[in-house]
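Reading the structure
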Amino acid sequence: MTGGGGAELGTARCALEDEAEEAEFKLASSLTDPSPTVDREASIAGRGAPGFGEVATETEGDMAAKGAGSSAAADAGSTASDTERSDDGKDKEAKKIQTTTTTQALHGGRSVVQLERDLRVDLGFRGMPMTEEQRRQFSPGPRTTMFRIPEFKWSPMHQRLLTDLLFALETDVHVWRSHSTKSVMDFVNSNENIIFVHNTIHLISQMVDNIIIACGGILPLLSAATSPSSPTVPQTELESVEATQGMSAETANTFLSRLMAMVDVLVFASSLNFSEIEAEKNMSSGGLMRQCLRLVCCVAVRNCLECRQRQRDRGCKASILNSKSQDSLQNIASASKTAIENLPSNLSPIKDPDRLLQDVDINRLRAVVFRDVDDSKQAQFLALAVVYFISVLMVSKYRDILEPQRETARAMSQSGRSIRQEINSPTSTDNPVAFPDSGGMLKEIPTPVEELHLEASLPHTDSGIGEEQVSGVLNGAELEGPPSSMGRIPTPPGAMSELLCTLSSEVKRSQESLLSEPASSSGISRVEVLKPASSISSISQSKGINVKEILKSLVAAPMEGAEAGPEPLPYPDPAIKREAHAMLPMQFHSFDRSVVVPVKKPPPGSLAVNTVGSGSREGLAAGSTPNIFAAASATPKSMINTTGPTEAASSSTNSSTSSSFVNGATSKNLPAVQTVAPMPEDTMENMSITTKLERALEKVAPLLREIFVDFAPFLSRTLLGSHGQELLIEGLVCMKSSTSVVELVMLLCSQEWQNSIQKNAGLAFIELINEGRLLCHAMKDHIVRVANEAEFILNRQRAEDVHKHAEFESNCAQYAADRKDEEKMCDHLIGAAKHRDHVTANQLKQKILNILTNKHGAWGALAQSQLHDFWRLDYWEDDLRRRRRFVRNAFGSTHLDITCKSLEDYGSEEDEGVKAKKGFRSQAVVSQNQETELMLEGDDDAVSLLQEKEIDNLAAHFRPRVIISRGPVVLSTPAQLVAPVIVARGTLSITTTEIYFEVDEDDTAFKRIDSKVLAYSEGLHGKWMFSEIRAVFSRRYLLQNTAMEVFMANRTSVMFNFPDQATVKKVVYSLPRVGVGTSYGLPQARRISLATPRQLFKSSNMTQRWQRREISNFEYLMFLNTIAGRTYNDLNQYPVFPWVLTNYESEELDLTLPGNFRDLSKPIGALNPKRAVFYADRYETWEEEQMPPCHYNSHYSTSTSTLYWLVRIEPFTTFFLNANGNKFDHPDRTFSSIARSWRNCQRDTSDVKELIPEFYYLPEMFVNSNGYHLGERQDGTAVCDVELPPWAKKPEDFVRISRMALESEFVSCQLHQWIDLIFGYKQRGPEAVRALNVFHYVTYEGSVNLDSIADPLLREAMEAQIQGFGQTPSQLLIEPHPPRSSAMHLCFLPQSPLMFKDQMQQDVIMVLKFPSNSPVTHVAANTLPHLAIPAAVTVTCSRLFAVNRWHNTVGLRGAPGYSLEQAHHLPIEMDSLIANNSGVNKRQITDLVDQSIQINSHCFVVTADNRYILVCGFWDKSFRVYSSETGKLTQIVFGHWDVVTCLARSESYIGGDCYIVSGSRDATLLLWYWSGRHHIIGDNPNNSDYPAPRAVLTGHDHEVVCVSVCAELGLVISGAREGPCLVHTITGDLLRALEGTELCALPRLISVSSEGHCIIYYERGHFCNFSINGKLLAQMDLNDSTRAILLSSDGQNLVTGGDNGVVEVWQACDFKQLYIYPGCDAGIRAMDLSHDQRTLITGMASGSIVAFNIDFNRWHYEHQNRY
């Protein structure tokens, strides 16, 4: 790059020195060819600050712009196409740069290699800042039409490429020539080179005709070669042979010679058949040889012209007369002559200038004709054409010898005629006619100007330059060139060429600067313009520079280096010579230029313009043939050509038959065979004519004779005289009689022969020429078309590049934005994790504090007990989704500072409500579509995977973009945490194993939320493990299907609202595949999570189970609420339950009276007939036009009504106060009496509330346990606890009786009708109208699309309205719901819970006595039919266990189809290993237990699958796991600090997982997890030796003696040897102590039901029933020492057994005795119930077991009253 930079600076320096010449040069150029100049100017003007290498060009551009002011130029420029513009601009830039670089080379004498590298830099090959023009090349695409066909042009790059290609081919051929043993013909005809030769010939065939046209065309050349000439008037034969297609004449000649050399070797020297190539090119047969003939003719004519030039040169001095520039012309002539004479003679094909045709041309003509002589037709055609060609030349030569001088006038008139003919020819091109000359050559004027420039530009002050200085410059430039094959140092690739370019371009500039002043006249004549040039040239000659020597050195230098051998070689030596010198990196541009000649009478103005144009155009090309293709283009022939004669200046206006470019040439265009006048009488000339003829024609005549003889039959038929006679016969006779050339010439000169040849052979020749023209045009069109296609492709690629670049930039920006978002997200997550850890730490600290400071804790004391313990409802749900557990409330308060609302407060509120409603009536109402299914259409269960595109198009504010992260975060999206009364904006992030939610604490809405409310809101900084997720439901929020609720293993749920439905899908597909859980008989699939409520309802088995009475009414209603979108997390969508009773007044409630039950077929508003009429009238007389009519303005379930019911329990108290301006309701409007609320629902037209599920399970809601001051009613009664109906003595009674009513037969028979109203087909549409069940339109799904409301204020108001009006559940079915089957229909189904069986069954089914007399201390009846071994496992006091097979068939006794054969199947079959005493060792647990342990039922636990037995009491403080199949020890579990005294197991779930609790003498309990999958304690089978407990439960002061655990309630209830029983959560929190009377101090047995009953037996026969929230419900005393207690599965019945051997059944709620079984002969030590609750198995102290028939249904009130 350093060198490049230097060259560019040098260029810039040079530019300033050359400024004037360049300006003049550009001016002339702009006058002659305006459009490129203007384009160039435009491209310069559009460019920015110039970089290196642009200065010179800019200077020239600026000067050009000053000179090119004519409007014509501007117009022409504006119409030029973009492509032409850029092409011309590029060409000119290349030319300018080359010119200036060459000048710099002369200045500095720098190395040529460096110069060439600099030139490449300047031409934009590397290192150059992008100019506007180059930028345009990279535009997205062309701005003009595709596939236009512009004029064909050889660009410098094309020429360079062709040069390089030919050079490569010539190198290969040269290798063949230099082979020591094989000849060239061996190589050409060798099989291995066939493809190479074939392809090369193909290439030559493509090029030949084009190059011939570029050289001027055969006809114009032939015309010039045969035109009469006079030495007295300097004249050129190539009158208007133009340098066509952008290729200069000398370049074309060079290519012509090189192609000829290739043809010599590959065509004439080979024996190949060309038919295949011709077929490929669609040429007619023999086309290739015809091409060769055209090539040979062209080369031959060029050689003829050179011969004529040389002859003229000899007489040049004598012929120049009366010229003002005589001296300078003589100077030029002598210089040219010297140069030519000094050429080595063996390098030129012209061995004898006096000959008509050279030997090599004659040999080639002969080769063309006779190569494929077998193909007679082709050979005949070729022969005929050659006959014409030779005849014309011979006759012309004869004429030249005979009449050496012509009148000048004749020449002048002919030239004028010819040019006019060319201009007016219909097919002539629009280009100005130019006059390239094959002999080529700057004529008289240029050389002195070159001399002038040389002096001006060389850096010295001497008035002349010696030969040494110039040769020094040249030699200095030569030194670094590559050595040639002969060891000489040839001139490097660019030196000569650049120097000569400079000379010629400077000549042109100086010459054209003389045009600038007079050029304003468009009709100026050539003569006037050029006169000053001559005078200046002659003046400049006196400067004393030796032009001869310069030219001599220029020409000689390459010749010396290029000479391949010391002496001439025989034929085909000329070809070899050309071949060898083709490699010479040399080309002379300077001399092949139009001749500038004074003309006496100029043709019309148009001619003058054309000639000026042509002259300057040539000038433009003069310095421009770039160095790029100069590398290997010169051949000896071209050197001869380019140093052509100086005499030729005489005929620049001579006639042109440039119609060689015209396609349809006819014989009129052929040069005529000249008529020869009689020989002059001059004896001196007579003496030499014969000799001259013999000398000139001695080689040609034999060829013609040979053709005449060989083709005599054909030619005699063809060449006929004017009367049809055969001319050839007499000609042959004549030729045979004399070998004299003169005879042959005279024969050809005869009129008959001339006419015949012109007529017949001329036709063949013109056909030959026309074929060449057609092929040339076809090739041009083909190349242009291919080029256009290439340009189209390149433009498209450029456009793609631009597009890709833009895409790349966009991707980069996106990537950066994503990274930024990701960093932000990471910061957010880190901050969230810190916050979450902080919250967790606080919770743990509080937990530890509670454990320690609790009155049962280590730091606690009875006196420390708080005055008031505050409790709140926990979010824990049981299997029926009941939330019954109360936990300690750290934020609890009596709210003594809170006042009640006055009645005035309600007036203002109602006014606001009316205004809000009116405001919304103006909004368009969305029609209620009964079939609206927003998430999935129809009933198709397939939920398609979310498309990525849906996510990418999310808008920014309400539809934020979902960020997909590449880190651990799989998905992160804006979301809202939906909790009761709050909605918190934040970010939900999902990793591969966890969900995180982080609230946006900066959100203004969040900041407005009361901190007291936030204290009760969990999950604001939440983290949930995937392993904890049990169910995922799609949910609605504000009637939009954009929410999701996730249910966790800790029996809580969390709800999120998302920007749109697509995000919901994405989130669901990022979560585990859990579906909606396992409870509803649906597959655990994501598509189930995304299914619509209606689809879930149809797919689930719950309706069938309800109809078969496998599930209760409560459970079924809870199922319907859950799938219809009702949730505890949104008070607006709280679960809905019906009022079922109407009697809240009487002292006793008879549940057998229909009158006590509500009509469930009507909505709550239509139960009162008077009120029903009011609602119907309102609907019929509806006046609001903008709103659809409705029966009710309020809804049966709203957040207000939910808080109304639950106002007495936290956290709903706080929520209520938050929603009501921090005030309690007016006492008269507060929920204070169940009877009053029911009356209001019957009478008040604005109150149509249904109930909530808590009415049927939560007695605490009716008690003001926190002591709130709720005011006094108008009648003076204080509002505190809820007034219960008279028939309910306490809240628990009310809840129990209400639940009994809900499950009663009356309700079961009607419940489906209420379901139709709330969830079914009467919810909307005509059925809803008929049923008086139409609510406000905004309560229905699909009625409002919030996303369509653009105004944020309107949207907020609409959201508030939805919140206020409530929301109707999703419609689950559009046809009537099926009714429940009656109990009687189901009485024989074995699994029915209401089995009213035959009373005659025996109480005792069987007694089974074991061989051992050891008391049976533990019984476990795991009898489910799906188990591998349904069995009753028994364990004796001596730790001998038995797995007694259970037969389920016994359950069918009394059923239809029962047969006596099944009677022998008793329910229990003794363990065979025990019965036959064969495998007792497999049944004995031999490990030693601690001596102080009393073996009882608490010492053993059997897993739910009967495969493992857990035993405690071992001296090493462990408990152990044994296999029940083999009796082997499988695991030992340590954890306690003393002997383990008791074990308990929770109920099992799918997979057999359950909790195990161990109690110890160390006064603690440990909670363990039993893995049903791995059959070990703990989750990790690899760490089974040291499992960790899930929780440590403390608070007891003595050894733990009894424990019970309920996984469904999440509670562990334990009793120590002394002290109260304690209630812990399974997370380790001590909730409370179950404290009763002073008798409740020594607990011994505990049983807990999932219904919330906790029965404790204390020593001395005392029983207590506690609620799980610590309330003592009932107590009793028994005389028996009870050893076993058992609760039925529904928690309603208690079974006891003790030492007196009597089994008793009690009603659990009040210890009312229901039944006493017959006494047994031994004490009862253990009990269990079969899975169907129909068989009771007791373990006896005598070592036997007894199976009792038990049917809890017979003590059911309905059974007793009805059946």
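In short, a report on the structure. (Residues numbered from 1 in each chain as written. Predicted model: local features only at pLDDT ≥ 70, side-chain atom pairs only at ≥ 80, totals over all residues. Heavy atoms only, no water.)

Okay, the side chain of threonine 1122 next. Position of threonine 1122 among the secondary structure elements: in helix α43 (residues 1113-1123). Within polar-contact distance, the side chain of threonine 1122 engages the side chain of arginine 881 at 2.9 Å. Setting aside anything within four residues of it in sequence, one finds threonine 1122 in contact with Arg881, Phe1033, Arg1035 and Tyr1080. (Helix = DSSP H or I, 4+ residues; strand = E, 2+ residues; numbered from the N terminus. Polar contact = N/O pair within 3.5 Å; in protein donor to acceptor, adjacent residues only side chain to side chain. Contact = heavy atoms within 4.5 Å.)

Moving on, we get to the packing of aromatic side chains. The tally for this structure, following the rule as stated, stands at 52 aromatic pairs. Seen from their ring centres, tyrosine 1715 and tryptophan 1755 are 5.7 Å apart, and the 40° between their planes marks the pair as tilted. With tyrosine 1715 in strand β35 (residues 1712-1716) and tryptophan 1755 in the loop between β38 (1744-1749) and α53 (1757-1762), this residue pair connects regions lying 40 residues apart in the sequence. Judged by relative accessible area, tyrosine 1715 falls into the partly exposed class, the value being 23%. Site record: aromatic cluster; members linked through ring pairs are Trp1139, Tyr1144, Tyr1204, Trp1205, Phe1231, Trp1238, Phe1255, Phe1262, Trp1287 and Phe1294. Stacked on the ring of tyrosine 815, the Lys or Arg arginine 819 has its end atom at 4.3 Å from the ring centre. The cationic tip of arginine 1632 hangs over the ring face of tryptophan 871; the distance from NZ or CZ to the ring centre is 3.9 Å. (Phe/Tyr/Trp six-rings, centres within 6.5 Å; stacked < 30°, edge-to-face > 60°. Buried < 20%, exposed > 50% of the residue type's maximum accessible area, 1.4 Å probe, protein only. Lys NZ or Arg CZ within 6 Å of the ring centre and 35° of its normal.)

Attention now goes to the sheet that holds strand β18 (residues 1529-1534). Pairing is antiparallel in the open sheet, where four strands are placed in the order β15-β16-β17-β18. Pairing within the sheet leaves two strands with one partner each, and these edge strands are β15 (1500-1502) and β18. Strand-to-strand twist of the sheet, defined as the mean angle between neighbouring strand axes without regard to direction, takes the value 20°. With five bridges connecting them, strand β17 (residues 1518-1523) and β18 associate as antiparallel partners. From the neighbouring strand, tyrosine 1522 faces β18, where its bridge partner is leucine 1529. (Pairing = 2+ DSSP bridges. Axes fitted to C-alpha atoms, helices over the stretch in contact; angles between N-to-C directions.)

Another point: helix α46 (residues 1212-1219). Counting buried residues along α46, six of its eight residues qualify, which places the element largely inside the surrounding structure. Buried residues of α46: Phe1212, Thr1213, Thr1214, Phe1215, Phe1216 and Leu1217, and no others. In this structure, the buried side of α46 is in contact with β1 (871-873), α38 (1011-1015) and α45 (1199-1205). Of the residues trailing α46, glycine 1221 is marked for its positive phi of about 65°.

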